[in-house]
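Working through the structure, step by step
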Amino acid sequence: MTMSRAQPKYPLILERGALFCPAGGFYIDPLRVVDRAIVTHGHSDHCRPGHGKVLATAATLAIARARYGERAFGAAQALAYGERLKIGDATVMLAPAGHVLGSAQVVVEVDGVRAVVSGDYKRTADPTCQPFEAIRCDLFITEATFAIPVFRHPPVEDEIARLLASVQAFPERAHAISVYPLGKCQRLIAELGRSGWGGPIVLHSGLVKLTELYQQLGVTLPEWRAAAAGKWDAAARDSLRGAIVLAPGSALSDKWARRLPDPVMCGASGWMTVRQRAKQSGVELPLIISDHADWDAICATIRETEAEMVWITHGAEEALAHWCQTQGVQAAPLSIAGRSDAEPG
Amino acid sequence: MKRFADLLTTLIFAPGRNEKLRRLQRYFAQTPDPDRGWALAAFAGEISLPSATPAMLRALVEARVDPVLFRYSYDYVGDLAETVALIWPSSSCCEPKDAPRLRDVIDKLLTLSRTNAPPILADLLDHMPPDQRLALVKLTTGGLRVGVSARIAKTALSEWAASRAVNAPLERIEELWHGLEPPYEPLFAWLSGAAPEPDVDLATSFRPMMLANAIDGALYGADELRADQIAAPETIVRLQQRLDPAEFAAEWKWDGVRVQAISVNGVRRLFSRSGDDIAAAFPDLVDALEFEGVLDGELLVVRDGVVAPFAEVQKRLGRKKAGPKLLRESPAFLRAYDLLRAGSHDMRGEPFRVRREALEMFVQGADGGRIDVSPLIAFDSWAELATLRADATTDKEGVMLKRWDGVYVGGRPMGQWWKWKRDPLTADCVLLYAQRGHGGRSSYFSDYTFGVWRRAADGTRELAPVGKAYSGFTDQELTRLDQWVRANTVERYGPVRAVKPALVVEVAFDSIQPSPRRKAGVAMRFPRFKRIRWDKPAQEADQIEQLKALIGARPEQGA
């Protein structure tokens with residue numbers, strides 16, 4: 001697509017591989033260090049340390065400080081959901097995206113034209129974050145991680161039920177779920193609580209800090225414990241029989257997993273939908289639990305925004321662009337640097 | 001249907017054979033007739049629905065889903081059955097209570113014709129959630145592809161029966177199998193202890209084959225085998241101490257496919273070792289079964305009296321139907337070495353000596369062009385046989401020893417038949433890549449690619465990959481190898497690591513053949529680790545020329 005810098009039609013343009021608002025002089029989720037950035041959420045492919053000034057929700061800022069340290073940014077400003085802020089000639093608002101705690105869509109208005117950057121989002125309920133709010137706009141910039149019609153995520157309750165059925169079938173084994181430390185981990189703990197699971201929930205040490213932060217930020221989680229540090233004796237190993245163990249994928253695919261008692265390796269992501277791919281990832285129990293919108297949800301969201309133009313980022317752009325065209329909506333793939341489908345889904 | 005779909009899902013992800021067996025047993029125990037019988041038929045490949053084709057399914061989907069979106073989806077998923085199952089529009093009527101039972105689905109599928117198949121399949125797909133849709137599509141198009149062969153399913157049946165105190169050995173199930181029909185209710189009644197063994201006519205059924213044990217296992221202890229202390233002179237000494245040569249017949253061990261050829265009461269069948277009927281792939285041989293009885297022997301490809309490389313047998317085995325060109329170029333041949341039934345007389349209770357004599361008479365009367373008898377090797381002492389084995393035209397897999405007084409029993413009875421394979425070839429290779437293993441080995445780098453030196457175009461020496469091995473090391477050695485790989489990684493490609501070319505492994509393999517598709521130009525058959533040469537510098541590993549020289553030493557032939 002061609003975009004004239006002098007007179008852009010929409011409040012946002014693509015500037016050196018990142019979304020930029022000329023009227024406000026800020027970037028959204030830039031991967032390289034910039035003076036002014038608005039950050040949608042705390043995942044590392046959206047939130048990078050080193051920017052001069054950063055605007056985000058208070059929760060996202062707290063998460064960034066936990067990951068990158070107090071001096072992650074030159075200056076940080078928190079903006080609550082629904083609050084409006086004037087930056088240069090642009091008006092900015094954040095709206096819940098339902099992806100992880102603190103995740104936001106960025107609403108940018110310039111001269112009565114409104115653009116919404118979805119960030120990563122999902123439409124299904126998540127006890128650890130506020131639900132997505134669809135906002136009418138002229139330009140909707142959507143993520144497209146699962147924008148192929150084969151991805152239709154089942155209800156999370158069904159997937160948790162499958163997990164618990166497996167735990168019941170193999171009480172002598174540990175169930176080890178590979179999770180991303182921010183979001184997926186805490187959502188699974190909360191969903192286990194909601195399911196009434198009363199057995200032990202054990203966290204790899206790499207997941208403890210952000211989980212404690214979630215609780216400090218007011219998210220209610222059932223009881224969990226951290227896995228013992230150092231060398232384990234037989235009793236420590238036996239204590240994990242029948243337990244649900246959460247750990248980063250890197251720990252489960254490496255030596256750490258050997259200490260678990262005959263673990264059932266579980267995956268928890270949207271990628272688990274396609275069996276042969278899930279099988280290749282080495283899991284024994286695939287759980288389709290995703291923090292991204294599935295095909296139906298992406299299509300429904302685009303309709304709800306009533307946008308005339310949709311820009312599609314990171315994911316399966318072609319299929320969604322085709323669908324938009326069949327719906328009479330203009331669409332264009334947008335190639336943002338540093339995003340790929342290697343992202344946890 | 002839900003239970004069957006759940007079973008398929010867990011089987012896909014079950015990490016090993018034992019886990020699959022466990023899940024199959026649970027399914028057979030918990031599922032009522034006739035559903036479990038239909039599931040068994042599906043695993044055994046006994047359900048054939050020629051009127052439902054992949055193209056028909058594709059057309060059904062494209063009538064419901066934008067064909068462009070379908071194409072993007074198919075490109076992404078890479079499997080038609082799974083794409084159809086995932087992309088099929090979910091209807092609101094998918095209440096669990098409405099989901100059809102497996103038997104109802106099968107009843108409908110069995111009525112399929114070219115004309116009614118599309119609406120029937122569409123209606124079934126409309127009433128199922130995605131995992132059941134996948135199960136349905138796989139049932140319809142054949143080939144469940146969940147890593148369960150007919151044999152594994154029958155093994156699960158046998159183990160399940162044992163858990164119910166019913167003695168139903170795998171061999172007995174296989175023997176009865178071809179006299180039974182889906183959904184196998186009399187079989188399940190027997191296995192569950194509710195009824196006696198089903199009464200079936202076994203004359204034209206598969207007879208479980210008698211298999212040999214490796215002679216090394218009889219002569220060496222487990223520790224010696226692991227430490228690889230087998231040596232031909234020592235083997236001869238031990239044979240002399242333990243076995244009387246006069247009690248054994250010796251034959252060559254052919255490099256073909258073991259088959260059982262049945263021609264009884266006008267019914268002709270050709271069974272592989274696993275009890276699969278492979279007659280359709282070998283019509284030329286089936287035509288030649290002009291006798292009344294059952295032969296046990298080796299299926300080979302023979303042209304003008306010369307046995308062709310094993311690969312040609314494999315090629316024919318891979319074709320469901322052999323075309324005229326293949327039939328002409330790779331004619332099938334049976335080299336018989338046992339007679340299980342002659343006329344109406346079951347020979348299996350006779351000693352080998354009697355069967356052998358009868359066999360020679362029997363085959364004389366049969367078609368001379370397609371069938372012959374595997375000759376006996378005359379020998380007086382083990383040392384003499386060892387010499388014959390070593391000096392043989394090096395185109396046989398080794399020798400077989402059979403007790404003269406042994407009766408024919410299915411399975412692998414101890415002390416009856418021994419295989420004394422040729423010593424493997426070996427080469428010193430350099431470890432190049434390591435890949436994570438599967439199941440219990442998934443945290444170890446346990447799959448190894450290795451190479452040998454060759455001269456590159458510019459004259460420098462480089463390492464060319466020649467094979468991949470996963471076995472031949474002890475658990476302790478695996479732990480040490482894993483540590484070595486982690487400490488010597490130079491590059492990562494997903495689950496694969498390239499390592500510093502510094503570790504030499506002595507690799508054993510059965511044979512080596514030219515393979516123009518590979519960079520090194522050769523391919524090893526069944527490579528495995530023999531020894532890890534922690535001490536040997538990589539520079540001293542073998543050259544590609546040394547490997548190529550071994551091609552002549554052991555051509556891939558069966559006679």
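Residues numbered from 1 in each chain as written. Chains lettered and ligands numbered in written order. Predicted model: local features only at pLDDT ≥ 70, side-chain atom pairs only at ≥ 80, totals over all residues. Heavy atoms only, no water.

Glancing now at the overall build of chain A. For chain A, the helix and strand inventory stands at nine helices and 19 strands. Computed over the C-alpha atoms, the radius of gyration of chain A is 21 Å, within 12% of the 20 Å expected from 2.2 N^0.38 for a compact globule of 345 residues. Structurally, chain A occupies a C-alpha span of about 70 × 45 × 30 Å along its principal axes. The burial tally for chain A puts 59% of its 345 residues in the buried class. Within chain A, contacts between residues at least 6 apart in sequence are counted, and of these 60% link residues at least 24 apart. As presented, chain A carries roughly 13,500 Å² of accessible surface, and 50% of it is formed by carbon and sulfur atoms. The average position of the 35 basic charges and that of the 36 acidic charges among the side chains of chain A differ by 5 Å. (Helix = DSSP H or I, 4+ residues; strand = E, 2+ residues; numbered from the N terminus. Rg over C-alpha atoms; globule rule 2.2 N^0.38 Å. Buried < 20%, exposed > 50% of the residue type's maximum accessible area, 1.4 Å probe, protein only. Contact = heavy atoms within 4.5 Å. Areas by Shrake-Rupley, 256 points an atom, 1.4 Å probe, with all protein chains shown as cover. Lys, Arg positive; Asp, Glu negative; His and termini not counted. Charge placed at Lys NZ, Arg CZ, Asp CG, Glu CD.)

Residues and elements named next belong to chain A. The predicted model of chain A averages 92 in pLDDT, with 95% of residues at 70 or higher. Under a pLDDT of 50 for its full length, residues 1-5 has, in the predicted model, eleven contacts with residues more than four places off or in other chains. This stretch, residues 340-344, has a pLDDT under 50; its non-local contacts, to residues over four places away or in other chains, come to eleven contacts. (pLDDT = per-residue confidence, 0-100.)

To continue, consider the state of the cysteines. All names here are of chain A. According to the stated counting rule, one finds zero disulfides over all chains in the structure shown. Residue Cys299 stays outside any disulfide, its sulfur separated by 7.4 Å from that of Cys324, the closest cysteine. Residue classification places Cys299 among the buried positions, given a relative accessible area of 5%. (Disulfide = S-S within 2.5 Å.)

Looking at helix 4 (residues 208-216) of chain A, one finds that the buried residues are A:Val208, A:Leu210, A:Thr211, A:Leu213 and A:Tyr214. Those residues of helix 4 of chain A that are buried lie in contact with helix 1 (58-68), helix 3 (184-195), strand 13 (201-203) and strand 14 (225-226) of chain A.

A separate point is the interface of chain B and chain A. Listed per partner, the contact involves 32 residues of chain B and 30 residues of chain A. Carbon and sulfur atoms make up 55% of the surface buried where chain B meets chain A, a total of about 2,800 Å² over both sides. If you list the elements that add at least two residues to the side of chain B that touches chain A, you get helix 1 (2-13), helix 2 (17-30), helix 5 (67-77), helix 6 (80-87), helix 9 (130-141) and helix 21 (475-487) of chain B. Considering every element that reaches the side of chain B that touches chain A, the biggest residue donor is helix 5 of chain B, with six residues. Split by residue class, the side of chain B that touches chain A holds 15 nonpolar, six polar and eleven charged. (Buried area = accessible area lost by both parts, 1.4 Å probe. Nonpolar A, V, L, I, M, F, W, Y, C, P; charged D, E, K, R; others polar.)

Our focus in this paragraph is the packing of aromatic side chains. In the structure shown here, the tally under the stated rule is 25 aromatic pairs over all chains. The interplanar angle of 35 degrees and the centroid separation of 5.5 Å between the aromatic rings of B:Phe379 and B:Trp382 together place this pair among those described as tilted. The same class applies to B:Phe379 and to B:Trp382, which are both buried. Grouped by ring-pair contacts, the aromatic residues A:Phe146, A:Phe151, A:Trp271 and B:Tyr76 constitute a single cluster. Its guanidinium or amino end placed over the ring of B:Trp252, B:Lys396 lies 4.5 Å from that ring's centre, counting from NZ or CZ. Positioned above the aromatic ring of B:Trp534, the side-chain terminus of B:Arg480 is 3.9 Å from the ring centre. (Phe/Tyr/Trp six-rings, centres within 6.5 Å; stacked < 30°, edge-to-face > 60°. Lys NZ or Arg CZ within 6 Å of the ring centre and 35° of its normal.)

Mapped onto the elements, B:Val373 comes out in strand 9 (residues 371-373). If near-sequence neighbours (up to four positions away) are discounted, B:Val373 is found in contact with B:Arg335, B:Ala336, B:Arg356, B:Leu359, B:Glu360 and B:Val363.

What follows concerns helix 2 of chain B. Residue and element names in this part refer to chain B. With 14 residues, helix 2 extends 20 Å between its outermost C-alpha atoms, agreeing within 8% with the 20 Å of an ideal straight helix rising 1.5 Å per residue. Taken residue by residue, helix 2 has Glu19, Lys20, Leu21, Arg23, Leu24, Gln25, Tyr27 and Phe28 as its buried positions. If you follow the buried residues of helix 2, they end up packed against helix 1, helix 3 (35-43), helix 7 (102-110), helix 10 (150-163) and helix 12 (185-191). (Expected span 1.5 Å × (residues − 1).)

Think of interface size as the accessible area that goes away when the parts come together; that is how it is often given. Residue and element names in this part refer to chain A. Parsing chain A into structural domains produces domain 1 (13-150 + 292-333) and domain 2 (156-287). Here the C-alpha centre of domain 2 lies 29 Å away from the C-alpha centre of domain 1. With 19 residues of domain 1 at the interface, the matching set in domain 2 holds 18 residues. Carbon and sulfur atoms supply 73% of the area that domain 1 and domain 2 bury against each other, a total of about 1,500 Å² over both sides. Taken together, domain 1 and domain 2 are joined by one salt bridge. (Domains from an automatic or database assignment. Salt bridge = Lys/Arg side-chain N within 4 Å of Asp/Glu carboxyl O.)

Residue and element names in this part refer to chain A. What the six strands build is an open sheet, ordered 14-13-15-12-16-17; its pairing is parallel. The open sheet is flanked by strand 14 and strand 17 (285-287), the only strands paired with a single partner. Note: strand 12 (residues 175-178) against strand 16 (residues 264-268), four bridges, orientation parallel. Bridge pairing in strand 16 links Ile177 to Cys266. (Pairing = 2+ DSSP bridges.)

Quick look at the pattern of salt bridges now. Residues and elements named next belong to chain A. Per the stated rule, a full pass over the model turns up 58 salt bridges over all chains. A salt bridge links Arg65 to Glu70, with the nearest nitrogen and oxygen atoms 3.9 Å apart. Looking at Arg65, the relative accessible area reads 33%, which means it is partly exposed. Overall, the relative accessible area of 67% leaves Glu70 in the exposed class.

Right, let's talk about the nonpolar core for a bit. Burial of nonpolar side chains together is a common tendency in soluble globular proteins. The biggest cluster of nonpolar side chains holds 116 residues, and the ones touching the most others in it are A:Leu320, B:Phe4 and B:Phe43. For this core, the two domains that each supply at least three residues are domain 1 (13-150 + 292-333) and domain 2 (156-287) of chain A. One finds A:Leu101, A:Val179, A:Trp224 and A:Ile289 within the second-largest nonpolar core, a separate group that totals 37 residues. (Core = buried A, V, L, I, M, F, W, Y, C linked by side-chain atoms within 4.5 Å.)

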